[in-house]
Amino acid sequence: MIQFWKILLILFPFIAVIAFYIYTKLVTFQYWTRRNVKQLNPVFPLGDLYAFIKQGVGLGTFYDNLYQNTKKSRFIGFYNLTKPTLIVNDVEMVKNILVRDSSYFVDRGTYSDEKRDPLSGGLFSLSGDRWRHMRMKLTPTFTSGKIKGMFGTMMDCGLRLKKYVLECVEKGEEIEIKDLMARYTTDIVASVAFGNEIDSINKPDEIFREMGRKIAGLSFKNAFRLGATLLAPNLLKHSRMKAVDDDVEEFFIQLVKKNLDYRESNNVSRRDFLQLMIQLRNTGSIKLTDDWDTKISKVKTMTLHEMAAQAFTFYFAGFETSSTTISFCLYELAKNPVILEKVQKEIDQILNRYDSEWSYESLQEMTYLENCIDETLRKYPPLPILQRVCESNYRNPETGMSIEPQTMVFLPIIGIHRDPQLFADPMKFKPERFTDLKYAETLKKAYFPFGDGPRVCIGTRMGKLMTKIGLAIILAKFHIELGKSHNPKNELEIDKNSILLAAKGGIFLKVTVRDTKYFARRESKAI
């Protein structure tokens, strides 16, 4: 009898695995079939992520290919490991999920564990009432007036970038533009989010930049961590892995604490994101006027960890997505010299009108440059997919499709942006799409680089201004061409180890000083 129980204990794990396998194959992986929804071919235990691994491509490329191969279906069933997920291809349904029916799809379903992993409590990952309250508090932070107040700080970083590029030109070096732009955006975010003046443009080993590499560097660990954060949050919770390493967490929390203590103790005010959070912490709201000073209160409405989480989210989202957009845009402009000449002509004319002085107003007038940024975001969206979790029983009135509570929904933005039926010749870089009236309706319903609806990216204005400054500074002073390693006839190869879009091997440009009369005149700092 004892021998029987020993044998049973030995066999139990194998029996459990076999039982789980059978249940998954016959029940879990038939979820969409039972609901009369076309599904793919899931493989135990990875579901349809097996196809992603088998293809050996980046996540963006995978979802782009999946959309192009399945777009005749308005939606398809997908298994994210063993979790049933709906991929929505129909642009009208995508728009409705994001906007009209957003009350059913408020949360992203990404990883967040504020108690164990405080930096995971940023606005991007919060859900439910926690997200609603934090979003309402932070919205005044990113008004045009507040961003304009930070313009001078951003412009200082831009002028430092110009000086560095000029030194590279004098040495005759090709420039790897992605890393340089990551250093430029790191300097901006370090200043406006944390109140720290750094110079990683000239000092690539600056601690802030080193932390950026730890967070966003191309590695299996980072790809797994970011992929799990976005697509399989329970993996992080069950594995006890955090959103970032302990030393990164300690660095950012202590940095916020140090600057917070200094400003509150000495009644110091500065025009930056941290100052606005100090206002929020001490008064419960952010002033809508141009008054940045804060009366320190004993009653705090925001904890240190909450402040650190928001600043960290701003840091990661700001430096990575903006630097990537600048890099892809410069690549496309170097590849398309006619467009490059047109945008440089616009910059020259506007700077001439403003007596060669950079200002918030002069940048706002650079509309063709804005079109170039928008076209870059179309072709290379910061996030290849958007995701939402259905909060309650939802029935789409146009299709009759029902979605049960807690079902994950994926919206393949990269595929939609590259659909030739929506954007003719989608891989061609055409900024004129954003002024061509025939694209007006398409852009309203099928262009989502920062999402849409209540959960549209709160920092869109800030990110685009950062991007515009970097591009304008470079294009005003320098002529750019593709580096020797790039073939203008080919598309950039996307790194398969990156969750976000990133060029394999980097982006190299040959840069020379432009021959233009406007820069023979006085160049001054931003006003």
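Quantities reported herein were computed from a predicted structural model and do not represent experimental measurements.

### Brief notes about the UniProt feature "binding site: heme" (unreviewed entry) in the protein chain
Alright, step 1. According to UniProt, the "binding site: heme" (unreviewed entry) feature falls on Cys457.
Alright, step 2. In this structure, Cys457 sits in the loop between α20 (440–446) and α21 (460–477).
Alright, step 3. Judged by relative accessible area, which is 35%, Cys457 ranks as partly exposed.
Alright, step 4. When residues no more than four places from it in sequence are discounted, the contact partners of Cys457 are Arg135 and Phe450.

### Observations regarding the packing of helix α8 (residues 151–171) against helix α9 (residues 177–194)
Alright, step 1. It is the contact of α8 with α9, at a shortest axis distance of 9 Å, that shows an interaxial angle of 155 degrees. In this view, α8 runs roughly antiparallel relative to α9, as classed from their interaxial angle. Crossing of α8 over α9 shows right-handed handedness. Along the contact surface, α8 presents Thr153, Met154, Cys157, Gly158, Arg160, Leu161, Tyr164 and Val165, while α9 presents Leu180, Met181, Arg183, Tyr184, Asp187, Ile188, Ser191 and Val192.
Alright, step 2. The residue inventory of the contact of α8 with α9, partitioned by class, reads ten nonpolar, three polar and three charged.

### Some words on the sheet that holds strand β9 (residues 508–513)
Sheet strands pair via backbone hydrogen bonds, and the direction of the pair is either parallel or antiparallel.
Alright, step 1. In space, the three strands of this open sheet follow the order β3-β9-β8, with antiparallel pairing throughout. Since the sheet does not close on itself, it has two edges, and those belong to β3 (175–176) and β8 (478–482), each with one partner.
Alright, step 2. Pairing between β3 and β9: two bridges, direction antiparallel. Pairing of Glu176 across the sheet is with Phe508, part of β9.
Alright, step 3. Most of the contacts of helix α15 (residues 304–335) go to β8, to which it runs at about 85 degrees, and overall it touches β8 and β9.

### Overview of unusual backbone geometry
Alright, step 1. Residue Phe44 is joined to Pro45 through a cis peptide bond whose omega torsion reads -5 degrees.
Alright, step 2. With respect to the element layout, Pro45 can be found in the loop between α2 (31–34) and α3 (49–55).
Alright, step 3. One non-glycine residue, Asn36, lies in positive phi territory at about 60 degrees.
Alright, step 4. Along the chain, Asn36 falls in the loop between α2 and α3.

### Side note on the environment of Ile474
Alright, step 1. Here Ile474 shows up in helix α21.
Alright, step 2. The class of Ile474 is buried, set by a relative accessible area of 3%.
Alright, step 3. Between the alpha carbons of Ile474 and Val511 there is a distance of 9.4 Å; along the sequence they are 37 residues apart.
Alright, step 4. Every residue in contact with Ile474, bar those within four places of it in the chain, is listed here: Leu161, Val165, Met181, Leu330 and Ile480.

### What to know about the nonpolar core
Alright, step 1. Counting 156 residues, the largest nonpolar core has Tyr63, Phe252 and Trp358 as its most contacted members.
Alright, step 2. Sorting elements by how many residues they give to this core places α15 first, with 14 residues.
Alright, step 3. Beyond its immediate stretch of four places on either side in the chain, Tyr63 contacts Leu49, Phe78, Ile87, Leu231, Ile385, Phe410, Pro412 and Ile414.

### Regarding helix α14 (residues 273–283)
Alright, step 1. Counting buried positions along α14 gives ten out of eleven residues, so the element sits mostly inside the fold.
Alright, step 2. Buried residues of α14: Phe273, Leu274, Gln275, Leu276, Met277, Ile278, Gln279, Leu280, Arg281 and Asn282, and no others.
Alright, step 3. The distance from a side-chain oxygen at the start of α14 to the backbone nitrogen of Leu274 is 3.4 Å, and the residue carrying that oxygen is Asp272.
Alright, step 4. Phi turns positive, to about 85 degrees, at Gly284, one or two residues after α14.

### Looking at the sheet that holds strand β2 (residues 83–88)
Alright, step 1. In spatial order, the strands read β1-β2-β7-β4; together these four strands make up an open sheet with mixed pairing. Looking at strand neighbours, the two that pair on one side only are β1 (75–80) and β4 (386–389), the edges of this open sheet. Across the sheet, the mean angle separating the axes of adjacent strands is 30 degrees when strand polarity is ignored.
Alright, step 2. Here β2 pairs with strand β7 (residues 408–411) via three bridges, running parallel. Following the sheet pairing, Leu86 is matched in β7 by Val409.
Alright, step 3. Sheet contacts for helix α4 (residues 59–70): β1, β2 and β7; angle to β1, the most-contacted strand, approximately 145 degrees.

What counts as what
Residues numbered from 1 in each chain as written. Predicted model: local features only at pLDDT ≥ 70, side-chain atom pairs only at ≥ 80, totals over all residues. Heavy atoms only, no water. UniProt positions renumbered as here; feature names shortened; annotations may be inferred. Helix = DSSP H or I, 4+ residues; strand = E, 2+ residues; numbered from the N terminus. Buried < 20%, exposed > 50% of the residue type's maximum accessible area, 1.4 Å probe, protein only. Contact = heavy atoms within 4.5 Å. Axes fitted to C-alpha atoms, helices over the stretch in contact; angles between N-to-C directions. Parallel < 35°, antiparallel > 145°, perpendicular 65-115°, else oblique. Left-handed = near helix turned anticlockwise from the far one by under 90°. Nonpolar A, V, L, I, M, F, W, Y, C, P; charged D, E, K, R; others polar. Pairing = 2+ DSSP bridges. Core = buried A, V, L, I, M, F, W, Y, C linked by side-chain atoms within 4.5 Å. Polar contact = N/O pair within 3.5 Å; in protein donor to acceptor, adjacent residues only side chain to side chain.

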